[in-house]
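Secondary and tertiary structure notes
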Amino acid sequence: MTSGGLATFVVRRLAAAMALVAVVSVGALLLVRLAPGDATTDLVLAHVDEATIARTRARLGLDRPFLVELGDWLAGVAHLDLGESSAFGRPVADLVGERVLKTAELASLALVLAVALGLPLGVLTGSRPGGLFASCVAPISIGILSCPPIVGAFGLMLLALGTGWLSIAPGDPVVPALALALPLAATIERVQSQATAEVLAAPGAGAAAARGLPPWRLLWVHAARQAVRPLLGVAGVIVGTLFSGSLAVEWVTSWPGLGRLLYDGIVGRDPFLVAGCALSGAVLIAAANLAGDLARGLADPRVRVS
Amino acid sequence: MTSRRAGVGLLGFVAVAALCAPVLAPNPPDVPFPDRAYAPPMHVHVLAAGGLHAPFIFAQTLHDRLMREYRDDASVRHTLHWFSRGRLVSLGDDDGPLLLLGADALGRDVFARLLYGARVSLGVAALGVAGALARGTAAGGLAGSLGGAVDLALMWMADLVVVLPGAYLVLVLRGALPLRLSTGAVFWLMAALFAASAWPHVARGVRAIVAAERARDYAEAARAAGAGPLRLIGHLLPAARGFLGVETVLLLPSLLVAEATISVLGLGFPGPSPSWGGMLQEATNVSVLAGAPWLLAPAAALCVVALAVHLAAGRPMLTSSRS
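If you're wondering where the values come from, they're calculated on a predicted model, not measured in any experiment. (Residues numbered from 1 in each chain as written. Chains lettered and ligands numbered in written order. Predicted model: local features only at pLDDT ≥ 70, side-chain atom pairs only at ≥ 80, totals over all residues.)

Topic: the overall build of chain A
Threshold: Labels follow the DSSP assignment, with helices taken as runs of H or I lasting at least four residues and strands as runs of E lasting at least two, numbered in each case from the N terminus. Exposure in this text rests on C-beta crowding, where 20 or more other C-beta atoms within 10 Å of a residue's own make it buried, 12 or fewer make it exposed, and counts in between make it partly exposed. The C-beta atoms are placed from the backbone. Contact between two residues is assigned whenever their backbone-derived C-beta positions fall within 7 Å.
In terms of helices and strands, chain A carries 14 helices and zero strands. When the elements of chain A are put in sequence order from the N terminus, they spell out α-α-α-α-α-α-α-α-α-α-α-α-α-α. In terms of overall dimensions, chain A has a C-alpha envelope of 85 × 55 × 25 Å along the principal axes. Burial statistics for chain A: of 306 residues in total, 42% are counted as buried. Sequence separation of at least 24 residues holds for 74% of the intrachain contacts in chain A that already meet a minimum separation of 6.

This is the structure:
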């Protein structure tokens, strides 16, 4: 495969990522518009006079037709102005900026933890599938796999409250990161273990050993490099798992991430806040998926042509 | 394989427990018992005064109403009644409620709510799985057997939905609907949302299988014999049976997690009707969780279902992203 192949691959994935961001943010804006009630519903319920409500609607820009609203919003996005939140009375860009970084921090911490735990364990258990170590790790792995992040978050909170081993001070990422990372680490361990066992059973591994390659080099360099491909193949799923799980984990552990802000925006019928959250969330997901795709494209040239 | 059989058995056990909830639960799920707020689980004893005794519990007394402190009164034994008034096990009329898993903030039986909640949570998840399978099979079958522009459009949609984190997708769609709804409306609506967010996983798999089958001789023969596109799909789809079976098992725990997530956020089933997620909502309060850890019973139940699924499927998989 020539470098031109890689460039086309990158451009195609990039275009898909941008389409994702565009569809998700416009869809979010439209959805809040279609939802029953708007940011002035509370005023209506409080029997505030109609002139005040009309003025509030005009100030928040809710009296425009949807296409005009969308056009203005897109023009604003072009110079990083995401509009103003009706619920918080602050620019959406400021609100979202803080929160999206917290979610990204949590997700990347969990990913690093999961890979650091799962990958070496998977290589070790895969190198001797029937061995004592593998038979000890496998049941633990399956047990942890069965604890979705929401359950892990509750369980770790309880553990922290009961024993004081883990800190649950506000802003401490230990509990949320572990809740997200543990099931993921178990998954990575299982996938990597199976792939390593398959690579080592292939004729190539025997040939390399026969030619005098030291066993550690065969396992940790040659086999690990090939065996990482199936894992990169599920990179998109891993990214989805991380973000999907983060919603519940952030809620249970009071982590000030994007999830709670999005919830506030939706329940408060705050169109620009929801659109801003959707936009930044989509950028985060698109970037993570793009990174996963690129890693896969580099590790396995066959991916680039499909 | 024994582990697969164990997984299927465990799933069956949970299903039977949910179906038989009215018989297994010692109390109705929605009755608040006075002076039983956050009462701890009662322990069933079989030993008394050094000898065997029919299973009994010590009477539970409210020691301090403000601190919600309960004590066992070792001098008063209440023997369990079996098969009385249509319930498997309960206490006599004057002995108060039997609380095997303690009580919640309103003094409702957590064990009874767990059993009745299983019906709601497993029911909505199962319905969501059925919807996702139907929609995914239709989309995947059409895309795979027709090819061309239909294939491109459907798979573009599937790819778009598949990368979105399921929990956020369901949250946004649910949030855009009226926030307060009746239990019945939430049930159908949530199942529909689950189907809408989980179908692409099914569609992509079905499409790949159908597209591969389309090139085989029997499909060619059917076309030559004059089978139209719809009839052809009917011939090709049975090849995806095995895949759909696995997918059914895999989607179930992820949709249970989705129900729990949405309910914990307060957009799920309303208060009186028990669901696993709704029960967990109370436990998000740290001080409540510290004082009443038995409120996490639904989380443990969720783990049991997920474990059963992992064992039954015979391989590990990523669950939560599918929600």
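Considering the overall build of chain B
Of the regular secondary structure elements, chain B holds twelve helices and five strands. Overall, chain B is about 85 × 45 × 30 Å in size when its C-alpha atoms are taken along their principal axes. A buried classification covers 45% of the 323 residues belonging to chain B.

So, the domain arrangement of chain B
It is common to give the size of an interface as the accessible area that goes away when the parts come together. Selection rule: As used throughout, domain bounds are those supplied by an automatic or database domain assignment.
For chain B, the domain assignment lists domain 1 (42-98) and domain 2 (110-313). Here the C-alpha centre of domain 2 of chain B lies 42 Å away from the C-alpha centre of domain 1 of chain B.

Re the nonpolar core
Where a protein is soluble and globular, its nonpolar side chains tend to be buried together. Here is the rule we go by: Remark: nonpolar core denotes a set of buried Ala, Val, Leu, Ile, Met, Phe, Trp, Tyr and Cys residues whose joining runs through C-beta atoms within 7 Å.
Core analysis: the largest hydrophobic core is formed by 169 residues, its most contacted members being A:Ala110, A:Ile150, A:Ala153, A:Phe154, B:Leu171, B:Phe194 and B:Leu302. With 17 residues, helix H3 (residues 110-146) of chain B is the largest single contributor of residues to this core. When residues are assigned to domains, this core turns out to be shared by domain 1 (42-98) and domain 2 (110-313) of chain B, each giving three or more. Apart from the residues within four sequence positions on either side, A:Phe154 is in contact with A:Val252, B:Leu280, B:Ala283, B:Leu296 and B:Ala299.

Considering the sheet that holds strand S3 (residues 69-79) of chain B
Residue and element names in this part refer to chain B. Here is the rule: The pairing criterion is simple: DSSP has to find at least two bridges between the two strands. Fitting a line to C-alpha atoms yields each axis, with helices limited to the stretch in contact; the angle taken between N-to-C directions then spans 0 to 180 degrees.
Read across the sheet, three strands follow the order S1-S2-S3 without closing on themselves; strand pairing throughout is antiparallel. Strands with a single pairing partner mark the edges of an open sheet, and in this sheet they are strand S1 (45-48) and S3. Averaged over all pairs of adjacent strands, the angle between their axes in this sheet comes to 55°, without regard to strand direction.

Quick look at the interface of chain B and chain A
Selection rule: Note that Gly is not counted as nonpolar here; it falls among the polar residues with everything else outside the nonpolar set of Ala, Val, Leu, Ile, Met, Phe, Trp, Tyr, Cys and Pro and the charged set of Asp, Glu, Lys and Arg.
At the interface, 37 residues of chain B touch 44 residues of chain A. At the level of secondary structure, the elements contributing two or more residues to the side of chain B that touches chain A comprise helix H4 (148-163), helix H5 (166-175), helix H9 (241-264), helix H11 (286-291) and helix H12 (297-313) of chain B. Tallied by class, the residues present in the side of chain B that touches chain A amount to 28 nonpolar, nine polar and no charged.

Quick notes on the environment of B:Glu213
All names here are of chain B. Tracing the backbone through its elements, the reader meets Glu213 in helix H6 (residues 183-214). Accessibility expressed as a C-beta count within 10 Å gives 19 for Glu213, which makes it partly exposed. Taking the C-alpha atoms as reference points, Glu213 and Val202, eleven residues apart in sequence, are found 17 Å from one another. Residues contacting Glu213, with those up to four places away along its chain left out, are Ala219, Leu236 and Ala239.

Points about the packing of H4(B) against H6(B)
Residue and element names in this part refer to chain B. As a reminder, the rule being used: An angle below 35 degrees is read as roughly parallel, one above 145 as roughly antiparallel, one from 65 to 115 as roughly perpendicular, and any other as oblique. Here is the rule for handedness: rotate from the far helix to the near one, and if that takes an anticlockwise turn smaller than a right angle the crossing is left-handed, while a clockwise turn gives right-handed.
Running from amino to carboxyl end, H4 crosses H6 at an angle of 130°, the nearest separation of the two axes being 8 Å. With respect to each other, H4 and H6 are oriented oblique. The two elements H4 and H6 meet at a crossing, and its hand is left-handed. Counting all contacts with H4, which are made through Leu154, Met155, Ala158, Val161 and Val162, the residues of H6 involved are Ser197, Pro200, His201, Ala203, Arg204 and Arg207. In the contact of H4 with H6, the residues fall into seven nonpolar, two polar and two charged.

A word on the pairing of strand S2 (residues 51-64) of chain B
Residue and element names in this part refer to chain B. As judged from the three bridges shared by S1 and S2, these two strands associate in the antiparallel manner. When the bridges of S2 are listed, Leu47 appears paired with Leu52. Connecting S1 to the antiparallel partner S2 that follows it, the hairpin turn spans two residues, and Ala49 within it adopts a positive phi of roughly 50°. With eight bridges joining them, S2 and S3 adopt antiparallel strand pairing. Bridge assignment links Ile57 to a residue of S3, and that residue is His78.

Concerning the environment of B:Leu173
Residues and elements named next belong to chain B. Mapped onto the secondary structure, Leu173 falls in helix H5. Residue Leu173 is classed as partly exposed on the basis of its 19 C-beta neighbours within 10 Å. Once the C-alpha coordinates of Leu173 and Ala196 are considered, the two residues, 23 residues apart in sequence, prove to be 9.7 Å apart. In this view, Leu173 contacts Leu193 and Ala196; residues no more than four positions away in its chain are not counted.

Description of the pairing of strand S4 (residues 81-84) of chain B
Residue and element names in this part refer to chain B. Two strands pair when backbone bridges link them, and S4 and strand S5 (residues 87-90) are joined in this way by three bridges, in the antiparallel orientation. From the neighbouring strand, Ser84 faces S5, where its bridge partner is Arg87. Between S4 and the antiparallel strand that follows it, S5, lie two residues; Arg85 among them carries a positive phi value of about 50°.

A look at the environment of B:Ala191
Residue and element names in this part refer to chain B. Among the structural elements, Ala191 can be located in helix H6. Between the C-alpha atom of Ala191 and that of Gly131, which follows or precedes it by 60 residues, the distance is 7.5 Å. If sequence neighbours within four positions are ignored, Ala191 has contacts with Val124, Leu127, Gly128 and Gly131.

Observations concerning the packing of helix H5 (residues 92-127) of chain A against helix H8 (residues 174-201) of chain A
Residue and element names in this part refer to chain A. Contact geometry of H5 with H8 gives a least axis separation of 6 Å together with a crossing angle of 30°. Between H5 and H8, the angle falls in the class roughly parallel. Seen along the crossing, H5 lies across H8 with a hand that is right-handed. Looking at the contact of H5 with H8 residue by residue, the classes come out as 22 nonpolar, nine polar and one charged.

Some thoughts on unusual backbone geometry
Residue A:Leu80 is not a glycine yet carries a positive backbone phi of 60°. Among the structural elements, A:Leu80 can be located in the loop between helix H4 (66-78) and H5. A:Leu80 sits in the exposed class, given 8 other C-beta atoms within 10 Å. Of note, B:Tyr38 is a non-glycine position whose phi angle comes to about 55°, a positive value. Inspection of the secondary structure assignment puts B:Tyr38 in the loop between helix H2 (21-24) and S1. Judged by the 20 C-beta atoms lying within 10 Å of it, B:Tyr38 falls in the buried class.

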